[in-house]
Amino acid sequence: MAGIYLHIPFCESRCIYCNFYSTTRFDVWKDRYVAALCQEIRERKDYLKGELIHTIYLGGGTPSQLSIAQLKTIFECIEENYDLKQCEETTFEANPDDLTLEYLSELKRLPINRISMGVQTFDNRMLRFLRRRHDAEEAIHAIECCRKVGFDNFSIDLIYGLPEETPERWKSDIAQTLALRPPHISAYCLSYESGTPLDKMLKKHQIKEVDEQNSLSYYNLLMKELKQAGYEHYEISNFCLPGKYSRHNSSYWRGIRYLGCGASAHSYNGNERDWNTADLKQYITGIENRNRIFESEILNGTTKYNELIMTALRTSIGINMNKLEETSGKKAHDYCLKMATPHLKTHKLEYTNGYLRLTPDGIFVSDDIISDLFIVSL
Ligand code: SF4
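Draft legend 1. Geometry of the packing of helix α13 (residues 330–345) against helix α15 (residues 366–373). Orientation of α13 relative to α15, taken along the N-to-C sense of each, is 145 degrees, at an axis distance of 8 Å. The two elements α13 and α15 meet at a crossing, and its hand is right-handed. Contacts between α13 and α15 involve C336, M339, A340 and H343 from the former and I369, D372 and L373 from the latter. Grouping the constituent residues of the contact of α13 with α15 by class yields five nonpolar, one polar and one charged.

Draft legend 2. Local environment of the environment of N271. Of note, N271 is situated in the loop between β10 (266–268) and β11 (272–276). When the 10 C-beta atoms within 10 Å are taken as the criterion, N271 is described as exposed. Separated by 30 residues in sequence, N271 and G301 place their C-alpha atoms 9.6 Å apart.

Draft legend 3. Region of the structure containing the nonpolar core. Ranked by size, the top nonpolar core spans 67 residues in total, and within it I4, L6, L37, C146 and Y160 carry the most contacts. Per-element tally for this core: the top contributor is helix α1 (residues 30–43), with six residues. Excluding its chain neighbours within four sequence positions, the residues that come into contact with C146 are L99, L104, I115, F151 and F154. Counting 16 residues, the second largest nonpolar core, distinct from the first, contains I319, L324, L349 and L373.

Draft legend 4. Structural context of the environment of R273. Mapped onto the elements, R273 comes out in strand β11. Under the C-beta neighbour-count criterion, R273 is labelled partly exposed, with 17 such atoms within 10 Å. A C-alpha to C-alpha distance of 21 Å links R273 and Y82, two positions 191 residues apart in sequence. Setting aside residues up to four positions removed in sequence, R273 forms contacts with H266, S267, Y268, S296, E297 and L299.

Draft legend 5. Molecular detail of helix α5 (residues 136–149). Over its 14 residues, α5 extends 20 Å from the first C-alpha to the last, a length consistent with the 20 Å expected when each residue adds 1.5 Å. Every buried residue of α5 is listed here: A139, A142, I143 and C146. Seen along its axis, α5 keeps its buried residues to an arc of 100 degrees; they face one direction. Seen from the buried face of α5, the exposed residues on the opposite side, beyond 90 degrees, are E137, E144 and K148. Looking at the buried side of α5, the elements it contacts are α3 (101–108), β4 (114–120), β5 (154–160) and α6 (167–180). Positioned one or two residues after α5, G150 has a phi angle of 100 degrees, which is positive.

Draft legend 6. Molecular detail of the domain arrangement of the protein chain. When its domains are assigned, the protein chain resolves into domain 1 (2–252) and domain 2 (301–373). In this structure, domain 1 and domain 2 have C-alpha centres spaced 28 Å apart. Every contact between the two is made by eight residues of domain 1 and, on the other side, eight residues of domain 2. Contributions of two or more residues to the side of domain 1 that touches domain 2 are made by α8 (212–228) and β7 (232–235). For the side of domain 1 that touches domain 2, the residue count by class is six nonpolar, one polar and one charged.

Draft legend 7. Main features of the pairing of strand β1 (residues 2–8). When you tally the buried positions in β1, you get seven out of seven residues, the bulk of the element. Across the two faces of β1 the burial is the same, with A2, I4, L6 and I8 and G3, Y5 and H7 all buried. Here β1 runs beside strand β2 (residues 53–60); their pairing, made up of seven bridges, is parallel. Note that in β2 the partner of I4 across the bridge is I56.

Draft legend 8. Layout of the sheet that holds strand β15 (residues 355–358). Read from one edge to the other, the open sheet built from three strands follows the order β13-β15-β14, with strand pairing classed as antiparallel. The open sheet has two edge strands with one neighbour each: β13 (319–320) and β14 (349–352). Bridge analysis of β13 against β15 gives two bridges, and the strand direction is antiparallel. Considered in β15, the bridge of N320 is made with Y355.

Draft legend 9. Geometry of the packing of helix α11 (residues 301–312) against helix α12 (residues 321–328). At a closest axis distance of 10 Å, the pairing of α11 and α12 adopts a crossing angle of 165 degrees. In terms of axis orientation, α11 runs roughly antiparallel to α12. As α11 packs across α12, the resulting crossing turns out to be right-handed. Across from G301, K304, Y305 and L308 in α11, the residues of α12 making contact are L324, T327 and S328. Residues of the contact of α11 with α12, tallied by class, amount to three nonpolar, three polar and one charged.

Draft legend 10. Focus on unusual backbone geometry. Between G60 and the following residue, G61, the backbone shows a cis peptide bond with an omega angle of 20 degrees. Mapped onto the elements of the fold, G61 is located in the loop between β2 and α2 (68–81). One non-glycine residue, K49, lies in positive phi territory at about 50 degrees. Structurally, K49 can be placed in the loop between α1 and β2. With 10 C-beta atoms packed within 10 Å, K49 lands in the exposed category. Within the chain, H347 stands out as a residue other than glycine whose phi angle is a positive 60 degrees.

Conventions we followed
- Residues numbered from 1 in each chain as written.
- Predicted model: local features only at pLDDT ≥ 70, side-chain atom pairs only at ≥ 80, totals over all residues.
- Axes fitted to C-alpha atoms, helices over the stretch in contact; angles between N-to-C directions.
- Helix = DSSP H or I, 4+ residues; strand = E, 2+ residues; numbered from the N terminus.
- Left-handed = near helix turned anticlockwise from the far one by under 90°.
- Contact = placed C-beta atoms within 7 Å.
- Nonpolar A, V, L, I, M, F, W, Y, C, P; charged D, E, K, R; others polar.
- Buried ≥ 20, exposed ≤ 12 C-beta atoms within 10 Å, placed from the backbone.
- Core = buried A, V, L, I, M, F, W, Y, C linked by C-beta atoms within 7 Å.
- Expected span 1.5 Å × (residues − 1).
- Arc of directions from axis to C-beta.
- Domains from an automatic or database assignment.
- Pairing = 2+ DSSP bridges.
- Parallel < 35°, antiparallel > 145°, perpendicular 65-115°, else oblique.

Laid out in structure tokens, this is it:
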């Protein structure tokens, strides 16, 4: 089983916190981009060595900036080149203001069965501050429209720890979210990515970062409220109603192979990772001239071990220590357990039935624990 990721690098405007690769210019390049994307999909057909496609994910940027005709072209190309008989999930990332009833009805005719929506907050003042294009009403309307056309499987993204965050504001976002009962919720603490306008504001002391203690209390509140409402906390930032976990993202955490096409998209074949140029024009002209511009990295034993630690420990299942020994050897297995010992003693990690996992107390300091378990060289 394998996955396909397609990057759609167009945004109507840029949000001040975002560091994903996308552009607000070159609208006229969209058709050329779709043609290049299809060419890459065709030319790299053998990358996954005929494995059945289990999941497809259109991310961005903003995939909902493409027209239905452009999306049809992409899906026809995938269907012509890959076996989709076992494809369980096709996710489409969208901005709420693009999700009109008409657009969603057309999306429903395509092989898409999951929508992932960047809601971020229901606070209009914060949405304006973050330079989001939509307001709370549009987000609520988009969710209603999803349900109306039959997209019962959808996810919303939320951000907490915004500047001037208060428990009341965050509680109100959680309450509004639960009132809408989305099948899946991804919630992230605001991060100040280098080079973003938000980071520049922080450095100029125009805004204040929420401290760790408060971030922890917001996260604890989120975990408590969502648990009470019947959501499963299956990964550090991800919650779902029973059975509604993201198949595609779970594949990343399980080390399943995937082909990534489009500007800045990453691919992984089990031994090597490669990533396309994060430059729209370079990407298109490279593909058109049969000279794909990309970089790659062979994953050695150390990198594979560290990646397994980083991804598996973020999930509720945790690290399968037998699998770790199988893939990385006894030395790595013993090293991992040795480094885990202090965290086991302070109950930030637990080790049961062969699985090493974070406890609720460990989740918030997961970055520190993960880096403690990393190995410099195997
Ligand atoms: S958050 Fe989404 S919509 Fe905003 S700039 Fe980033 S990719 Fe574009």
